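Understanding the architecture of this molecule
Each chain, letter by letter, is given below.
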Amino acid sequence: MKLSVSPLGNWELLKEGSWIVLLNILRPPPHLILLHGNACWALHTGGTQQGEEAEALFRLISRKQLPAVFVRWNLPRPELAEAQLKDIFARYTRVEPGGLTCLAPLRQLAVEQGVTQAAQAGFIFELLPLLESSGQLGQCYSINVPGREIELPVYSVSDIEKAMIGHVMP
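We now turn to the structure provided with this report. (Residues numbered from 1 in each chain as written. Predicted model: local features only at pLDDT ≥ 70, side-chain atom pairs only at ≥ 80, totals over all residues. Heavy atoms only, no water.)

**Re the pattern of salt bridges**
This structure, assessed with the given rule, holds 7 salt bridges. The partner of Lys-86 in a salt bridge is Glu-82, with the nearest N and O atoms 3.5 Å apart. Of this pair, Lys-86 and Glu-82 both sit in helix α2 (residues 78-89), 4 residues apart, roughly one helical turn. Under the relative-accessibility criterion, Lys-86 is labelled partly exposed at 48%. Exposure remark for Glu-82: the relative accessible area of 42% places this residue in the partly exposed category. Measuring nitrogen to oxygen at the nearest pair gives 3.4 Å for the salt bridge that ties Glu-112 to Arg-91. Taken together, the positions of Glu-112 in helix α3 (residues 104-112) and Arg-91 in the loop between α2 and α3 put the pair 21 residues apart, joining distant regions of the chain. Salt bridges sharing common partners tie together Glu-12, Lys-15 and Glu-55. (Salt bridge = Lys/Arg side-chain N within 4 Å of Asp/Glu carboxyl O. Helix = DSSP H or I, 4+ residues; strand = E, 2+ residues; numbered from the N terminus. Buried < 20%, exposed > 50% of the residue type's maximum accessible area, 1.4 Å probe, protein only.)

**Some points on helix α4 (residues 124-133)**
Taken as a whole, α4 has its buried residues at Ile-124, Phe-125, Leu-127, Leu-128 and Leu-131. Buried residues of α4, viewed axially, fall in a sector of 160°; they line one side. Buried residues along α4 sit in contact with β1 (2-4), β3 (18-23), β4 (31-36), β7 (68-73), α3 and β8 (137-143). Gly-135, located one to two residues past α4, shows a positive phi value of around 75°. (Arc of directions from axis to C-beta. Contact = heavy atoms within 4.5 Å.)

**Overview of the side chain of His-31**
For His-31, the location among the structural elements is in strand β4. The class of His-31 is buried, set by a relative accessible area of 0%. Polar contacts involving the side chain of His-31 include one to the side chain of His-44, which spans 2.8 Å. (Polar contact = N/O pair within 3.5 Å; in protein donor to acceptor, adjacent residues only side chain to side chain.)

**Looking at unusual backbone geometry**
In this model, Pro-28 is joined to Pro-29 through a cis peptide bond whose omega is 0°. Tracing the backbone shows Pro-29 in the loop between β3 and β4. Of note, Asn-38 is a non-glycine position whose phi angle comes to about 70°, a positive value. By the secondary structure assignment, Asn-38 is in the loop between β4 and β5 (39-44). The backbone of Gln-65 shows a phi angle near 50°, a positive value even though the residue is not glycine. Considering the arrangement of structural elements, one finds Gln-65 in the loop between α1 (55-64) and β7.

**Some points on the packing of α3 against α4**
It is the contact of α3 with α4, at a shortest axis distance of 11 Å, that shows an interaxial angle of 20°. The orientation of α3 relative to α4 falls into the category roughly parallel. When the axes of α3 and α4 are compared, the crossing they make is left-handed. Of the residues in α4, those touching α3 at Leu-106, Arg-107 and Ala-110 are Ile-124, Leu-127 and Leu-131. Each residue belonging to the contact of α3 with α4 can be placed in one class, and the counts come to 5 nonpolar, no polar and 1 charged. (Axes fitted to C-alpha atoms, helices over the stretch in contact; angles between N-to-C directions. Parallel < 35°, antiparallel > 145°, perpendicular 65-115°, else oblique. Left-handed = near helix turned anticlockwise from the far one by under 90°. Nonpolar A, V, L, I, M, F, W, Y, C, P; charged D, E, K, R; others polar.)

This is how it looks when you write it as structure tokens:
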């Protein structure tokens, strides 16, 4: 899947609505973070991020010049998302090699927001087309990424496990 991206000119744009962040997009597998209402929700090797202010993520991306893509997720029921996220994250403690990945909470939120076939998605390059076909994807922005189009990287479970073990994800 190719994404058409516009350069991100201002962090303020990301403080409203919901966004799927593909961090380190040029070095697959990307790390996945959900921004919802200016708060970060993510699973990491060291634990979870549950509703923390997005400013720390913006500073990290700026300081380390991390390549990132931000995909607007037009949730059909955004008013339910925060409660759904709290419930989803209550089930998780951290990503695990050979088990849970950072995709899990995004996939579960997609299911709870009506994209039931998302339960079968094993990778972000499988989930995003499902969200697109259900009309839930909006504008895409990028930072520290060359060009106006980016092909979603295809990677394997082995690539994810290597990244987890090597703590490549921020």
